[in-house]
Amino acid sequence: ETPVLFADDLVKTYEVGGGLFSKGGTVRAVTGVSLKLAPRKTVAVVGESGSGKSTLGRMLALIEPPSAGHLAIDGIDVTGVDGHRLKMLRRSVQMVFQNPYGSLNPRQTIRKTLEEPLLVNTDQTPEERRAAALAMLAHVGLRPEHADRYPHMFSGGQRQRIAIARALMLHPKIIVLDEPVSALDVSVRAQVLNLLADLQEEFGLAYVFVSHDLSVVRHIADEVLVMYLGRVVERAPKEAIFADPRHPYTRALLSATPVADPTRKRERIVLTGELPSPFAPPPGCVFNPRCPIAFDRCRVEKPEPRGSATHVAACHAVEAETM
Ligand code: ATP
Ligand code: MG
């Protein structure tokens, strides 16, 4: 089966000007990330703040071009594509952000917001657009009378439903969800996650689900990519990430996640220190300054991803232990 989304060795760097207290230079936000996403599947991207998740998401959603690497949507290479063809490809990938209040126009009714993508991208009549907007509201669990209200009249969960509805208006194949439930109350999270699961089924969507919290992706993901300082340090099917985490960073993230079964004992790994500066990544393994099991080799040599076709980790200790 052709992957609906294929990324090979994506890199994103930013040139940052110096300020009063900083020298400026090149930020390596994403380094060498590859992924393959099948239709109707979900890949989760997890990692702490600053690990490059949103930058990767924006590249996958065709919002920002990669500095290097290749990207294909539905088997079509998008590298170097522009103009009308890029516009057409962009319709098939939509992005939903953490803060739906910031991404919805406060002066516009919900109906206008939902009709806008159709107005810009199709030649549908006003009646058709109106009908499509009302139908999509129903799909996300809102009522027709909500259409003529403004964003401030809704709760956080309802606003995220509206943002999801807007993303669906052009019937994309892929949705990049950047921390879609992180700003929501815990009680509302499960409802929005369930809605996403239903919509995936109904519309045959593939998801890239970005989250700093592994417990959020526990139910929705098929595969998990764990990112650290712009790199994927481990990639595996979700079950394997939870049952057999190999990279010490993944283990640390997991040990900070509540377990479903509290009788099950689990090692507790507490990471010390901050994420290093992306201007000056440490030599050797990028994780070595914070790694509880780092040894000499980790400080000089970058570990290559190793493992099976489905489960890889980039760690010298893992190589020695299991492969
Ligand atoms: P968070 O969990 O806080 O959202 P993240 O994993 O999404 O973090 P990114 O926002 O992708 O991380 O940022 C990765 C790195 O790239 C950070 O060091 C960030 O400062 C830098 N960065 C991101 N966007 C830009 C930009 N437009 N210009 C300069 N640097 C950027
Ligand atoms: Mg982010």
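Residues numbered from 1 in each chain as written. Chains lettered and ligands numbered in written order. Predicted model: local features only at pLDDT ≥ 70, side-chain atom pairs only at ≥ 80, totals over all residues. Heavy atoms only, no water.

Asks: Would you mind going over the site of ligand 1 with me for this structure?
Replies: Close to ligand 1 lie 14 residues; Ser49, Gly50, Lys53, Ser54 and Thr55 are nearest. Within the side chain of Ser49, one N or O atom sits 2.4 Å away from an oxygen atom of ligand 1. Take Gly50: an N or O atom from its main chain is 2.8 Å from an oxygen atom of ligand 1. About the coverage of ligand 1: the protein hides 64% of its 630 Å² of free accessible area. Contributing elements (two or more residues each) for the shell around ligand 1: β1 (5-16), β2 (25-37) and α1 (53-60). The class makeup of the residues in the shell around ligand 1 is 5 nonpolar, 6 polar and 3 charged. (Near = heavy atom within 4 Å. Polar contact = N/O pair within 3.5 Å; in protein donor to acceptor, adjacent residues only side chain to side chain. Areas by Shrake-Rupley, 256 points an atom, 1.4 Å probe, with all protein chains shown as cover. Helix = DSSP H or I, 4+ residues; strand = E, 2+ residues; numbered from the N terminus. Nonpolar A, V, L, I, M, F, W, Y, C, P; charged D, E, K, R; others polar.)

Asks: It is not clear to me how the sheet that holds β1 should be interpreted in this structure. Could you clarify?
Replies: Pairing between sheet strands relies on hydrogen bonds along the backbone, with the strands arranged either parallel or antiparallel. The 4 strands lie next to each other as β2-β1-β4-β5, forming an open sheet whose pairing is antiparallel. Two strands in the sheet have a free side with no partner beyond their single neighbour: β2 and β5 (76-77). Pairing analysis gives 5 bridges linking β1 to strand β4 (residues 68-73), with the strands arranged antiparallel. Note that in β4 the partner of Leu5 across the bridge is Ile73. (Pairing = 2+ DSSP bridges.)

Asks: What exactly am I supposed to notice about helix α10 (residues 248-255) here?
Replies: Each α-helix winds once per 3.6 residues, and so residues spaced three or four apart point in a common direction. The buried fraction of α10 amounts to 7 of the 8 residues, a majority that puts the element mostly inside the structure. Tucked inside the fold, the buried residues of α10 contact β3 (42-46), α8 (214-220), β9 (223-228), β10 (231-237) and α9 (238-243). (Buried < 20%, exposed > 50% of the residue type's maximum accessible area, 1.4 Å probe, protein only. Contact = heavy atoms within 4.5 Å.)

Asks: Can you walk me through the packing of aromatic side chains in this structure?
Replies: Each aromatic ring pair is characterised by the separation of its centres together with the angle its planes make. Tallied over the full model, the rule gives 3 aromatic pairs. Relative to Phe287, the ring of Tyr228 lies with its centre 5.0 Å away and its plane at 80 degrees, an arrangement referred to as edge-to-face. Placement of Tyr228 in strand β9 and of Phe287 in the loop between α10 and β11 (306-307) is noted, with a sequence separation of 59 residues between them. Note on accessibility: Tyr228 and Phe287 belong to one class, buried. Geometrically, the ring pair formed by Tyr249 and Phe287 is edge-to-face, given 5.3 Å between the ring centres and 65 degrees between the ring planes. (Phe/Tyr/Trp six-rings, centres within 6.5 Å; stacked < 30°, edge-to-face > 60°.)

Asks: Where do I start with the sheet that holds strand β12 (residues 312-313) in this structure?
Replies: Across the sheet, 8 strands lie side by side as β6-β7-β8-β3-β9-β10-β12-β11; this open sheet has mixed pairing. Looking at strand neighbours, the two that pair on one side only are β6 (93-96) and β11, the edges of this open sheet. Here 5 bridges tie β3 to strand β8 (residues 206-211), and the two strands are oriented parallel to one another. Residue pairing across strands places Val45 opposite Val210, the latter belonging to β8. Those strands touched by helix α6 (residues 156-168) are β6 and β7 (174-178), and its axis lies near 170 degrees from that of β6. Its contacts with the sheet place helix α7 (residues 186-203) against β3, β7 and β8, and it is angled at close to 160 degrees to β8. (Axes fitted to C-alpha atoms, helices over the stretch in contact; angles between N-to-C directions.)

Asks: Please explain unusual backbone geometry as it appears in this structure.
Replies: Generally, phi is negative for residues other than glycine and the peptide bonds are trans, each holding for most cases. A positive phi is found at Arg40, a non-glycine position, where the angle reads about 65 degrees. Locating Arg40 in the fold gives a position in the loop between β2 and β3. A relative accessible area of 49% places Arg40 in the partly exposed class. Of note, Asp74 is a non-glycine position whose phi angle comes to about 55 degrees, a positive value. Of note, Asp74 is situated in the loop between β4 and β5.

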